[in-house]
Number of protein chains: 2
Amino acid sequence: MQLILLSGGSGKRLWPLSNYARSKQFLPLLQTPDGTTESMVQRVMRQIKESELDAEVTIAANTQQKDTIENQLGNNVDVVLEPEHRGTFPAIMLSVMHLAFEKKCSDNETVVVMPCDPYTGLEYYEAINEMAKLIDENVADMALMGIKPTYPSPKYGYIIPEFRSSGIQEFRSLGVSRFVEKAEIEDAEALVKEGAMWNGGVFAFKLGYAKNIAEKYLKAKDFQAFRSRFAELPKVSFDYEVVRNATNVAVVPYNGTWKDLGTWNTICEELATNAIGNVTLGVNNVNTHVINELGTPIFCDGLENTVVAASPDGILVSAKKTSETIKDYADQLTDRPMYEERRWGSYQVLNTQEFEDGFKALTKTITLKPGKNISYQIHHHRSEVWSFIDGEGLFVLDGKVTKVKRGDVVNIPAEHFHAVKALTTLTFIEVQEGGPLIEEDIERFDFDWSNN
Amino acid sequence: MQLILLSGGSGKRLWPLSNYARSKQFLPLLQTPDGTTESMVQRVMRQIKESELDAEVTIAANTQQKDTIENQLGNNVDVVLEPEHRGTFPAIMLSVMHLAFEKKCSDNETVVVMPCDPYTGLEYYEAINEMAKLIDENVADMALMGIKPTYPSPKYGYIIPEFRSSGIQEFRSLGVSRFVEKAEIEDAEALVKEGAMWNGGVFAFKLGYAKNIAEKYLKAKDFQAFRSRFAELPKVSFDYEVVRNATNVAVVPYNGTWKDLGTWNTICEELATNAIGNVTLGVNNVNTHVINELGTPIFCDGLENTVVAASPDGILVSAKKTSETIKDYADQLTDRPMYEERRWGSYQVLNTQEFEDGFKALTKTITLKPGKNISYQIHHHRSEVWSFIDGEGLFVLDGKVTKVKRGDVVNIPAEHFHAVKALTTLTFIEVQEGGPLIEEDIERFDFDWSNN
């Protein structure tokens, strides 16, 4: 079985901890069995292993998530990068072509697609196995997972099954009568009474089945050719484009733990503790969760059913029941992210200042992992000063390599080529000064580190 | 009349906006009649002027408050600096000696002492005038202000008057039957029924009367001699040491607006708006106040009767009714202040990092006012890098003066003499590195700027 994990989404509902580079599925907030913390995607990968599912995993992600995936899951994970966000149909088609062209899977191979971040029990993976069997045994062209609703939610799509067995598996699967994309609460109540199930966003099919559909839109000689024409695929959901039009669909009911940890309200229920980070709780708090990624201390008292979350991007204080309003607010924010984890390490913006004449200054702390480097680059509009405060590294300015260590300071005027490579964990303070101080004022070049 | 304003207190109840250098009375949170903001002490100084009180003002403050007083009230205010915090008796005695020795006031001059930060109407100053008259006319040795209680508070001291006229002023003043320092709520209820008044901490007396008491403890030939022996004075309150022992005491009742804006709960009622700083309020907040002195945005929604306050020192989120618990928390914090306003300008700590071997780095942004300078100094344990990001100034390193401007960077190794003077408003980022990175690792020297 080929298992595709869809890692999409901007994760703005979990602002300020999530941003475009760190979607909700990568926040290390959940408790592991051994008492440490893990992200949603780390939990899913751990569960896939523990469930002993016979599956090879591919993660379909956006480009900004690449470094985070490597940091959280290591180098050996198969990742397909979408050139842009166009919804689930193009994302799944791209992964299907990756399996066909790059992994050389046969048309007869069973593919299961699932979100990368559902909060479930291990029995979830038994249902996935059941779906794969239906496809392996050619019982259906398309198998879906139907989550037994715990309440009439207006947020999810519904699958209304045909209440007869699909013929095999002792009623383990059902045919599908119809789909409802989203329902008002009153309609949702009626649907739940009728026996409708939430559409869990899990799909199983033969690779050849999906490949035929992809090739209706564009035929390509290899994966890169297909990927380069990604923008030609319609920006629609897989449900809309494929599932709705499938003729032989089966649904496997799932009745175990299933939570969509997409809002502060739901994620707080699964947090390891009430206070994460530099937080002091007074004695008068009730059902309140505080997560502090800043160095500065937070003190809370007298709060009920409240969530407080602070990161370099911002500070949220919200009643849990209204925490969904955060998305509308976060959508309006156009600020650059103030914190990013990259393949080479991480940075945090400490301060930005703009003066009357438009001149700007931006101060960062940057940490490089041993052996990693920042690419050889020039900036056209800004100069930089780096004060090295810990570790040792190699600094390049206009081709000349010098060793740098704690206490050293280097000036990098605009239009000068520079790079730095960490020999040990290397930390420095960067002061940028100049015109448009955006990450985009950068031109990258190759530098051969092999002689150093 | 000589009016002494007592500016004491650590102001920890308004953490994180107040710290030892910026007590609550200096927070610019109140609305002025013309729509700008002012601090409590600015409001009192404005009211003294508006009330046309015939008074010369002296402010008794601690050393750390000196720069803030100059910033908020200008250079022409008479300030007496207490060498250490020892309570109101030593503070008032020091001011009395300042009036006697430095201002050459006569023993017959009437002195009124009041807190620097009561939130009152202008009629408060009429009551002060009335107190001064009682002393001018030798009706009493000591006059007090009795605030008519609005509720039975356990926080204030009570004055229980003798319910007969002190003889003059058509019952404008009363004799004093007894004092109660603090009362449990039940006792406070009985006291209020009995006609007791809150002790407003306002005292009037003849200068000679107080001087005689001071000289019982220490006789000095001049003010500096008295100040140098400040620590010999008992660490007690003026109420305890003087008022309690006075034989001929009168109390002037005050029935106007009077609020002690000492907690978030009380100060929120007088704030100019619900949101100060980079704050967005959702539509579901009720009676909630948010003050943000950080650059990073705050979003609040679904909160009721809550106060949120954020500064470089920390972040408070509290139900208003429990906001007094902040003091116990703030008392435990031993961190250095992350923001200070000084005579020469201000600084904010952006980041502190400590490494495994104990090495530390601290990053600040510093702004100097035009014409002001940082004193000529050396550090024994830390080096500094200054990146100038705006303005122009003169930089001194080991006696050599160079002009610096935006874009310049200077390195200051440990044990090197340095100073900087702003020609225009000068802003720079400072990175400190080394051992104990505390403000105290500093030795100051004289530098003659006159030739530059």
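What counts and how
Residues numbered from 1 in each chain as written. Chains lettered and ligands numbered in written order. Predicted model: local features only at pLDDT ≥ 70, side-chain atom pairs only at ≥ 80, totals over all residues. Heavy atoms only, no water. Helix = DSSP H or I, 4+ residues; strand = E, 2+ residues; numbered from the N terminus. Buried < 20%, exposed > 50% of the residue type's maximum accessible area, 1.4 Å probe, protein only. Contact = heavy atoms within 4.5 Å. Least-squares fit on C-alpha atoms with pLDDT ≥ 70 in both. Pairing = 2+ DSSP bridges. Axes fitted to C-alpha atoms, helices over the stretch in contact; angles between N-to-C directions. Buried area = accessible area lost by both parts, 1.4 Å probe. Salt bridge = Lys/Arg side-chain N within 4 Å of Asp/Glu carboxyl O. Polar contact = N/O pair within 3.5 Å; in protein donor to acceptor, adjacent residues only side chain to side chain. Nonpolar A, V, L, I, M, F, W, Y, C, P; charged D, E, K, R; others polar. Arc of directions from axis to C-beta. Core = buried A, V, L, I, M, F, W, Y, C linked by side-chain atoms within 4.5 Å. Patch = residues over 30% accessible without salt bridge, like charges linked within 9 Å, V, L, I, M, F, W, Y side chains within 5 Å. Areas by Shrake-Rupley, 256 points an atom, 1.4 Å probe, with all protein chains shown as cover. Lys, Arg positive; Asp, Glu negative; His and termini not counted. Charge placed at Lys NZ, Arg CZ, Asp CG, Glu CD. Phe/Tyr/Trp six-rings, centres within 6.5 Å; stacked < 30°, edge-to-face > 60°. pLDDT = per-residue confidence, 0-100. Left-handed = near helix turned anticlockwise from the far one by under 90°.

1. Brief notes about the overall build of chain A
- Looking only at helices and strands, chain A has 10 helices and 30 strands in total.
- Along the first, second and third principal axes, the C-alpha set of chain A runs to 75 × 65 × 45 Å.
- Within chain A, the fraction of its 452 residues that count as buried is 54%.
- Long-range pairs, those at least 24 residues apart, make up 67% of the contacts in chain A with a sequence separation of at least 6.

2. Let's talk about the relation of the copies chain B and chain A
- Laying chain B over chain A is done by rotating through 180 degrees and shifting 0.1 Å along the axis; what remains is an RMSD of 0.1 Å. Here the symmetry operator amounts to a two-fold rotation axis. Minimal C-alpha distance to the rotation axis in chain B is attained by Leu 350 of chain B, lying at 2.9 Å.
- The residues that chain B uses at the interface reappear at the interface of chain A in 100% of cases, marking a shared surface.

3. Let's talk about the sheet that holds strand 14 (residues 275-276) of chain A
- The six strands lie next to each other as 14(A)-16(A)-18(A)-19(A)-17(B)-15(B), forming an open sheet whose pairing is mixed. In this open sheet, the two strands that pair with only one neighbour each are strand 14 of chain A together with strand 15 (279-281) of chain B.
- With six bridges connecting them, strand 18 (residues 306-311) of chain A and strand 19 (residues 314-319) of chain A associate as antiparallel partners. Within strand 19 of chain A, the residue paired with Ala 309 of chain A across the bridge is Leu 316 of chain A.

4. Considering the sheet that holds strand 20 (residues 339-342) of chain A
Residues and elements named next belong to chain A.
- Strands sit in the order 20-21-22-29-24-27 across an open sheet of six strands; the sheet is antiparallel. Pairing within the sheet leaves two strands with one partner each, and these edge strands are strand 20 and strand 27 (409-412). Taken over all neighbouring pairs, the strand axes of this sheet differ in orientation by 20 degrees on average, direction set aside.
- Looking at chain direction, strand 24 (residues 382-390) and strand 27 are connected through four bridges and run antiparallel. Along strand 27, the bridge assignment pairs Trp 386 with Val 410.

5. What about the interface of chain B and chain A?
- Taken together, the 49 residues of chain B in the interface contact 49 residues of chain A.
- Summing both partners gives a buried area of about 4,000 Å² for chain B against chain A, and 62% of it is carried by carbon and sulfur.
- A per-residue breakdown of the area chain B buries against chain A is headed by Phe 299, Ile 315 and Val 317 of chain B, which together make up 17% of the total.
- At the junction of chain B with chain A, the criterion picks out two salt bridges.
- Across the pair Arg 406 of chain A and Asp 357 of chain B runs a salt bridge, and its minimum N-O distance is 2.8 Å.
- Linking chain B with chain A are 24 residue pairs in polar contact (both at pLDDT 80 or more), by the criterion used here.
- Counting residues per element, the side of chain B that touches chain A draws most heavily on strand 19 (residues 314-319) of chain B, which supplies six residues.
- By residue class, the composition of the side of chain B that touches chain A is 25 nonpolar, 18 polar and six charged.

6. Here we look at helix 1 (residues 40-50) of chain B
Residue and element names in this part refer to chain B.
- For helix 1, the full list of buried residues reads Met 40, Val 41, Arg 43, Val 44, Gln 47 and Ile 48. All buried residues of helix 1 project into a common sector of 155 degrees when viewed along the axis, lining one side.
- Taken from the residues just after helix 1, Glu 52 is the one with a positive phi, measuring 55 degrees.

7. Details of the nonpolar core
- Core analysis: the largest hydrophobic core is formed by 46 residues, its most contacted members being Leu 5, Met 114, Tyr 124, Ile 128 and Met 145 of chain B.
- When residues of this core are assigned to their parent elements, the largest contribution, eight residues, is made by helix 4 (residues 123-136) of chain B.
- If we skip the residues at most four places from it in the chain, Met 114 of chain B touches Leu 3, Ile 4, Leu 5, Leu 6, Val 44, Tyr 124, Tyr 125, Ile 128, Gly 201 and Val 202 of chain B.
- With 43 residues, the next largest nonpolar core counts Ala 127, Ala 132, Met 145 and Trp 258 of chain A among its residues.

8. Brief notes about a negative patch on the surface
- Taken together, Glu 184, Glu 186, Asp 187 and Glu 189 of chain A make up a surface patch of like negative charges.
- Within the secondary structure layout, Asp 187 of chain A lies in helix 5 (residues 185-194).

9. Structural notes on the pairing of strand 11 (residues 197-206) of chain B
All names here are of chain B.
- Of all 10 residues that make up strand 11, 10 are buried, and the element is covered over most of its length.
- In the sheet, strand 6 (residues 110-115) pairs with strand 11 via four bridges, with the strands oriented antiparallel. Across the sheet, residue Val 113 finds its bridge partner in strand 11, namely Phe 203.
- Pairing of strand 8 (residues 142-147) with strand 11, which is carried by five bridges, proceeds in the antiparallel orientation. Bridge pairing in strand 11 links Met 142 to Phe 205.

10. Some words on the side chain of Asp 301 of chain A
- Relative to the elements of secondary structure, Asp 301 of chain A occurs in strand 17 (residues 298-301).
- Buried charge Asp 301 of chain A goes without a salt bridge, the closest partner of opposite sign being Lys 321 of chain B at 9.0 Å.
- There is a polar contact of 2.9 Å between the side chain of Asp 301 of chain A and the backbone nitrogen of Asn 284 of chain A.
- Leaving out residues up to four positions away in the same chain, Asp 301 of chain A has contacts with Gly 282, Val 283, Asn 284 and Asn 285 of chain A together with Val 317, Ser 318, Ala 319, Thr 322 and Thr 325 of chain B.

11. Focus on unusual backbone geometry
- The amide bond that connects Trp 15 of chain A to the next residue, Pro 16 of chain A, takes the cis arrangement and shows omega of 5 degrees.
- In this structure, Pro 16 of chain A sits in the loop between strand 1 (2-7) and strand 2 (30-31).

12. Re the packing of aromatic side chains
- The tally for this structure, following the rule as stated, stands at 38 aromatic pairs over all chains.
- Plain terms: the ring middles of Tyr 151 of chain A and Trp 198 of chain A are 5.4 Å apart, the flat faces sit at 80 degrees to each other, and that makes the pair edge-to-face. Here Trp 198 of chain A lies in strand 11 (residues 197-206) and Tyr 151 of chain A lies in the loop between strand 8 (142-147) and strand 9 (158-165), a separation of 47 residues in the sequence.
- Ring geometry for Tyr 124 of chain B against Tyr 125 of chain B: centres 5.2 Å apart, planes inclined by 80 degrees, an arrangement best described as edge-to-face.

13. Focus on the confidence of the model for chain A
Residues and elements named next belong to chain A.
- Summing up the model confidence of chain A, the mean pLDDT is 91 and the portion of residues at 70 or higher is 96%.
- Least confident of the elements in chain A is strand 9, whose mean pLDDT is 78; most confident is strand 6 (residues 110-115), at 98.
- This model gives residues 165-171 a pLDDT under 50, and the stretch forms 12 contacts once residues within four places in sequence are excluded.
- If you check the scores for this complex, the pTM reads 0.83 and the ipTM reads 0.83.

14. So, the packing of helix 3 (residues 88-102) of chain A against helix 6 (residues 207-217) of chain A
Residues and elements named next belong to chain A.
- Following both chains from N to C, one finds helix 3 and helix 6 inclined at 115 degrees, their axes separated by 9 Å at the closest point. Note that helix 3 runs across helix 6; the crossing there is left-handed. Facing helix 3, whose interface residues are Phe 89, Met 93, Val 96, Met 97, Leu 99 and Ala 100, helix 6 presents Leu 207, Ala 210, Lys 211, Ile 213, Ala 214, Glu 215 and Tyr 217.
- For the contact of helix 3 with helix 6, the class distribution of residues is 11 nonpolar, no polar and two charged.

15. Quick notes on the pairing of strand 12 (residues 249-254) of chain B
Residue and element names in this part refer to chain B.
- Most of strand 12 is tucked away: five of the six residues are buried.
- As paired strands, strand 8 and strand 12 are joined by six bridges and run parallel to one another. Each bridged residue has a counterpart across the sheet, and for Met 145 the counterpart in strand 12 is Val 252.
- Relative to strand 12, strand 10 (residues 174-180) runs antiparallel, the two being bridged by two bridges. When the bridges of strand 12 are listed, Gly 175 appears paired with Ala 250.

16. Describing the pattern of salt bridges
- The final tally for this structure, using the stated rule, is 44 salt bridges over all chains.
- With its nearest N and O atoms 2.9 Å apart, the salt bridge here joins Glu 232 of chain B to Arg 229 of chain B.
- Of the charged contacts, one joins Arg 382 of chain B and Glu 384 of chain B as a salt bridge, the two residues approaching to 2.9 Å between their closest N and O atoms.
- Taken together, the shared-partner salt bridges connect Lys 12, Lys 327 and Asp 331 of chain A into one network.

17. Some remarks on the side chain of Asn 285 of chain A
All names here are of chain A.
- Relative to the assigned elements, Asn 285 resides in the loop between strand 15 (279-281) and strand 16 (289-292).
- Among the polar contacts made by the side chain of Asn 285, one reaches the main-chain amide nitrogen of Gly 302 at a distance of 3.3 Å.
- A distance of 3.1 Å separates the side chain of Asn 285 from the backbone nitrogen of Leu 303, its partner in a polar contact.
- Residue contacts for Asn 285: discarding those within four places in its chain leaves Cys 300, Asp 301, Gly 302 and Leu 303.

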